[in-house]
Amino acid sequence: MSCALYGNWWPLFVVATYVLAPLPNAVFGRYAGRDDMMSDYQGGIADAGYFLTGLMIITGFCLPVVLAHAGVITVPAMIMSISGGLLIYGTIISYSRFFSEEEDF
């Protein structure tokens, strides 16, 4: 929306971080062997996946700020891009929390 309203398509690069953010957890989590029921610690591979996912999420929020600071996009476009990111990440987190299969004993 911030791209269409302000005629500048640079904030569209933030969408790439939305798409790429869950990939490190999926790839490294599978490689770390999350299917092991006896292990509480997943190892360095899973931690690397968490780190890269966090890096992508922070990039999704900071890229509009950097673009606005450089004068590439306007401040209202930055605000709209960050609020859209909050909406998308909030939706993903609430969906995953709602449908998680935790059993309480």
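Just so we're clear, the structure is a prediction, and the values are computed from it rather than from any experiment. (Residues numbered from 1 in each chain as written. Predicted model: local features only at pLDDT ≥ 70, side-chain atom pairs only at ≥ 80, totals over all residues. Heavy atoms only, no water.)

Focus: the overall build of the chain
Filter applied, for reference: Helix numbering and strand numbering both begin at the N terminus, where a helix is a DSSP run of H or I of at least 4 residues and a strand a DSSP run of E of at least 2. Note on classification: 1.4 Å probe, protein chains only; a residue is buried when its accessible area is under 20% of the maximum for its type, exposed when over 50%, partly exposed between these limits. Residue contacts are defined here by distance: any two heavy atoms, one from each residue, within 4.5 Å place the two residues in contact. Values of accessible area rely on a 1.4 Å probe in the Shrake-Rupley scheme; residue burial ignores everything except the protein chains shown.
A count of helical and extended segments in the chain gives five helices and zero strands. Listing every helix and strand of the chain by position from the N terminus yields α-α-α-α-α. Counting every position in the chain, which comprises 105 residues, the buried fraction comes to 24%. Considering only contacts within the chain whose residues lie at least 6 apart along the sequence, 63% involve residues at least 24 apart. In the form shown here, the chain has an accessible surface area of approximately 7,700 Å², with 70% of it arising from carbon and sulfur atoms.

What to know about the UniProt feature "transmembrane region" (unreviewed entry) in the chain
What counts is decided by this rule: UniProt positions are given in the numbering used here, feature names are shortened, and annotations may be inferred rather than shown by experiment.
When the UniProt feature table is mapped onto this chain numbering, "transmembrane region" (unreviewed entry) sits at residues 6-28, 48-67 and 73-95. Secondary structure over residues 48-67 splits into 100% helix and 0% strand, and the C-alpha atoms at its two ends are 28 Å apart. End C-alpha to end C-alpha, residues 73-95 measures 31 Å, and it is 91% helix and 0% strand.

A closer look at helix α4 (residues 44-69)
Filter applied, for reference: Take the number of residues in a helix, subtract one, and multiply by 1.5 Å to get its expected span. Bend, in this description, refers to the angle at a residue between axes fitted to the seven residues ending there and the seven starting there.
Across its 26 residues, α4 extends 36 Å between first and last C-alpha, which sits within 8% of the 38 Å expected from 1.5 Å per residue. Taken as a whole, α4 carries its principal kink of about 35° at Cys62; the proline Pro64 stands between one and four residues after it. All of the buried residues along α4 are Ala46, Gly49, Thr53, Met56, Gly60, Pro64, Leu67 and Ala68. In the segment just after α4, Gly71 is the residue with positive phi, at about 85°.

A look at the packing of α4 against helix α5 (residues 75-98)
Which entries qualify depends on this criterion: For helices, the axis comes from a line fit to the C-alpha atoms of the stretch in contact; other axes are also lines fit to C-alpha atoms, and the angle between any two N-to-C directions lies between 0 and 180 degrees. Working definition: roughly parallel below 35 degrees, roughly antiparallel above 145 degrees, roughly perpendicular at 65 to 115 degrees, and oblique for all remaining angles. Just so you know the grouping, Ala, Val, Leu, Ile, Met, Phe, Trp, Tyr, Cys and Pro go in nonpolar, Asp, Glu, Lys and Arg go in charged, and all remaining residues, Gly too, go in polar.
Contact geometry for α4 and α5: axes closest at 9 Å, N-to-C directions at 170°. With respect to α5, the axis of α4 lies roughly antiparallel. Touching Met56, Ile57, Phe61, Pro64, Val65 and Ala68 of α4 are Met78, Ser81, Ile82, Gly85, Leu86 and Tyr89, all from α5. Across the contact of α4 with α5, the residue classes tally to 10 nonpolar, two polar and no charged.

Comments concerning a nonpolar patch on the surface
Our working definition: Each patch groups residues whose relative accessible area exceeds 30% and which form no salt bridge, using 9 Å between like charges and 5 Å between nonpolar side chains of Val, Leu, Ile, Met, Phe, Trp and Tyr. The term salt bridge refers to a side-chain nitrogen of Lys or Arg lying within 4 Å of a carboxyl oxygen of Asp or Glu.
A surface patch of nonpolar side chains, about 570 Å² in accessible area, is lined by Trp9, Leu12, Val15, Val19, Leu20 and Leu23. Considering every element that reaches the nonpolar patch, the biggest residue donor is helix α2 (residues 13-20), with three residues. Mapped onto the fold, Leu23 is located in helix α3 (residues 23-32).

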